[in-house]
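This is what each chain is made of:
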Amino acid sequence: GQQVMQIPQYQHVQEGEDFTTYCNSSTTLSNIQWYKQRPGGHPVFLIQLVKSGEVKKQKRLTFQFGEAKKNSSLHITATQTTDVGTYFCAGRMNYGGATNKLIFGTGTLLAVQP
Amino acid sequence: EAGVTQFPSHSVIEKGQTVTLRCDPISGHDNLYWYRRVMGKEIKFLLHFVKESKQDESGMPNNRFLAERTGGTYSTLKVQPAELEDSGVYFCASSLSPGGIGELFFGEGSRLTVL
């Protein structure tokens, strides 16, 4: 079946270090979204990328969508303790227009040590 | 404006019992989704409603799971009879965009523990 894999599964950084999580799909995506889930919380939408090669920035966060629309990355510059949580990518796959199922990646758990 | 609300927040039942989870989406959101996260793993798609119609139920694990959305408002997800492997957090999400494209707004989740 369709799969969206993320690496690494877990990352522990010192506050101030950078962090990157990578997302790879087995099939071409129509768009990709990123969500953050704090410990004990629920996923919260961060951003959506639609175009091939698209790059978007939100303060210290940089999101990229690959040229082939099968991979994506999230980079956080100078992590802070508030960045702690699990980051999920979620790819939307078309099935001839019949459905727009959003498939979540396996997630990357980020721990930040002060 | 109220967000997506789910009830109960936590349910503990014994194997073989029945549990019904409820989700109230954001008012006006035609698209409603059920997802499940088991043991810190990925968030797995269960099904997608557009109003009262099941658009995609390909993620439903088996016929012990029944989802309904009568009247196109709130939705229920019933597990009968529950098995140990059904334990996890069940998230409901809704979206406004036509075709289900766009941001999903998640509820706080219903944590199900089957003993």
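Residues numbered from 1 in each chain as written. Chains lettered and ligands numbered in written order. Predicted model: local features only at pLDDT ≥ 70, side-chain atom pairs only at ≥ 80, totals over all residues. Heavy atoms only, no water.

Participant: Would you mind going over the packing of aromatic side chains with me for this structure?
Facilitator: One pass over the structure, following the stated rule, counts 13 aromatic pairs over all chains. Residues Phe104 of chain A and Phe106 of chain B carry aromatic rings whose centres are separated by 5.8 Å and whose planes lie at 80° to one another, so their mutual orientation is edge-to-face. Of this pair, Phe104 of chain A sits in strand β10 (residues 100-104) while Phe106 of chain B sits in strand β10 (residues 105-106), on two different chains. Note on accessibility: Phe104 of chain A and Phe106 of chain B belong to one class, buried. On the basis of an interplanar angle of 85° and a centroid distance of 6.1 Å, the ring pair of Phe91 of chain B and Phe106 of chain B is categorised as edge-to-face. Taken together, the residues Phe91 of chain B in strand β9 (residues 88-95) and Phe106 of chain B in strand β10 connect sequence positions 15 residues apart. For Phe91 of chain B, a relative accessible area of 2% puts it in the buried group. Among the aromatic residues, those joined into a cluster by ring pairs are Tyr35, Phe45, Phe88 and Phe104 of chain A together with Tyr33, Tyr35, Phe45, Phe91 and Phe106 of chain B. One cation-aromatic arrangement involves Arg22 of chain B over Tyr74 of chain B; the distance from NZ or CZ to the ring centre is 3.8 Å. (Phe/Tyr/Trp six-rings, centres within 6.5 Å; stacked < 30°, edge-to-face > 60°. Helix = DSSP H or I, 4+ residues; strand = E, 2+ residues; numbered from the N terminus. Buried < 20%, exposed > 50% of the residue type's maximum accessible area, 1.4 Å probe, protein only. Lys NZ or Arg CZ within 6 Å of the ring centre and 35° of its normal.)

Read these as spatial facts, not as claims about activity.
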